[in-house]
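Below, each chain spelled out in residue letters.
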Amino acid sequence: MDIASIAILLLATIGPTRAAIVFVGMTKSADAKLKRQIALRTVLVSAIVCCIFVVLGSVILGALKISIPALLIAGGLILFAFALPMVIGEDKQKETDSPSQPPSIEIATYPLAVPLMASPQGLVAIVSIEATLPGISGTALLLGLVLAIMLINVLFLLAAEKILGKVPPAALKVTLRIIGLLLCSLAVQLVIIGLQKLGVIAEQLT
């Protein structure tokens, strides 16, 4: 996977879209200061979790004795299962419903940071990518990309009400479908890479 593919995969799995939609729904009755605090803590917690997986990805694999091909295939299947509902339109409306209790800073950690922003699919993707990148330079590259995505996340959350308020519902749905389609394609690519490393299929496909 090249840098562009990795960036798209990270943006789709740990990017701001899903968390922002829920953030707007859960903070409708919050004042501007609380919304800003929730947004900042959400991204901070997500960044810490994702960076831990970047740095310790190989250690996690070694401790669990999981091979790189197995992780790539499993990660691809999980990502595909996650992305398919985005393509066919099975949106979970309950995620955008307002909570029955007043918003508090605690929602930043759960559910906004985990599992919405630092999603299980995103963490699998991070470990899978980290396992395929060479040495310290590869880890540094992945860490930089994760932090860049988190910068996008915090900017998006801080302006989420304005951004989502100006986006027509139909356009938002189309955008989510496109993201889902790209994610499905990248998930299949992960499986292909895993099968190539196992020698099941040739390295070069024609």
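In this numbering scheme, every chain counts its residues from 1 along its sequence in written order. Side-chain atom pairs in this predicted model are given and counted only at pLDDT of 80 or more, local residue features only at pLDDT of at least 70, and totals for whole chains, interfaces and linings cover all residues. Water and hydrogen atoms were dropped before computing side-chain values, which therefore reflect all heavy atoms in the structure.

Labelled according to an unreviewed UniProt entry, the chain appears under the name UPF0056 membrane protein, originating from Novipirellula artificiosorum. Entered under Sequence similarities (unreviewed entry) in the UniProt record, the comment concerning the chain runs "Belongs to the UPF0056 (MarC) family." UniProt positions are given in the numbering used here, feature names are shortened, and annotations may be inferred rather than shown by experiment.

Novice: Looking at this model, I keep getting lost on the pattern of salt bridges. Mind explaining?
Specialist: Side chains that carry opposite charge are capable of pairing whenever their charged atoms lie near each other. Here, a salt bridge means any side-chain nitrogen of Lys or Arg that lies within 4 Å of a carboxyl oxygen of Asp or Glu. With the rule as written, the count across this model stands at one salt bridge. Its salt-bridge partner being Lys-35, residue Glu-161 comes within 2.8 Å of it at the nearest N-O pair. Highlighted residues: Glu-161 in helix H8 (residues 160-166) and Lys-35 in helix H3 (residues 32-64), separated in sequence by 126 residues. The buried label goes to any residue with under 20% of its type's maximum accessible area, the exposed label to any with over 50%, and the partly exposed label to all in between, with areas taken from a 1.4 Å probe on protein chains only. Its relative accessible area of 42% is what places Glu-161 among the partly exposed residues. Owing to a relative accessible area of 14%, Lys-35 belongs among the buried residues under this scheme. Here a strand is any run of E in DSSP of at least two residues, a helix any run of H or I of at least four, and the numbering for each starts at the N terminus.

Novice: Before we go on, may I ask you to explain the UniProt feature "transmembrane region" (unreviewed entry) in the chain in this structure?
Specialist: Feature annotation in UniProt places "transmembrane region" (unreviewed entry) on residues 43-64, 71-88, 108-129, 141-159 and 174-195, given in this structure's numbering. Secondary structure content for residues 108-129 is 86% helix and 0% strand, and the end C-alpha separation is 27 Å. The span residues 141-159 is 95% helical and 0% strand by assignment, and the distance between its end C-alpha atoms comes to 28 Å.

Novice: How should I be thinking about the nonpolar core in this particular structure?
Specialist: Taken as a class, soluble globular proteins show a tendency for nonpolar side chains to be buried jointly. Core analysis: the largest hydrophobic core is formed by 52 residues, its most contacted members being Leu-10, Ile-126, Leu-142 and Val-146. Considering every element that reaches this core, the biggest residue donor is H3, with eight residues. What makes a nonpolar core is a set of buried Ala, Val, Leu, Ile, Met, Phe, Trp, Tyr and Cys residues whose side-chain atoms join them at distances within 4.5 Å.

Novice: I keep staring at the packing of helix H4 (residues 68-88) against helix H9 (residues 169-198) and nothing clicks. Help me out?
Specialist: Two numbers describe a pair of packed helices, the interaxial angle and the distance between the axes. The geometry of H4 relative to H9 is characterised by a closest axis approach of 7 Å and an angle of 160° between their N-to-C directions. The angle between H4 and H9 falls in the class roughly antiparallel. Between H4 and H9 the crossing geometry is left-handed. In the scheme used here, Gly and all other residues not listed as nonpolar or charged are polar, with Ala, Val, Leu, Ile, Met, Phe, Trp, Tyr, Cys and Pro taken as nonpolar and Asp, Glu, Lys and Arg as charged. Along the lines of polarity and charge, the residues of the contact of H4 with H9 split into 24 nonpolar, four polar and two charged. Angular values range over 0 to 180 degrees, each being the angle between N-to-C directions of two axes fitted as lines to C-alpha atoms, with helices fitted over their stretch in contact. Throughout, the term roughly parallel applies to angles under 35 degrees, roughly antiparallel to angles over 145, roughly perpendicular to angles from 65 to 115, and oblique to all others. Should the near helix be turned counterclockwise from the far one by less than a right angle, the crossing is left-handed, whereas a clockwise turn marks it as right-handed.

Novice: How do you make sense of the side chain of Thr-13 when you look at a structure like this?
Specialist: Within the secondary structure, Thr-13 is located in helix H1 (residues 3-14). Each residue touching Thr-13, except ones within four places of it in the same chain, is listed here: Leu-79, Met-117, Ser-119, Gln-121, Gly-122, Ala-125 and Leu-183. Any pair of residues with heavy atoms lying within 4.5 Å of one another is described as a contacting pair.

Novice: Before we go on, may I ask you to explain unusual backbone geometry in this structure?
Specialist: Comment: phi is negative for the bulk of residues other than glycine, and the bulk of peptide bonds are trans. Here the amide bond leading from Tyr-110 into Pro-111 is cis, since omega sits at 10°, within 30 degrees of zero. Along the chain, Pro-111 turns up in helix H5 (residues 109-117). In this model, Val-114 is joined to Pro-115 through a cis peptide bond whose omega is 15°. By the secondary structure assignment, Pro-115 is in helix H5. With a phi angle near 55°, Lys-65 is a residue other than glycine that sits in the positive phi range. Assignment of secondary structure puts Lys-65 in the loop between H3 and H4. Take Lys-65: its relative accessible area is 75%, and that puts it in the exposed class.

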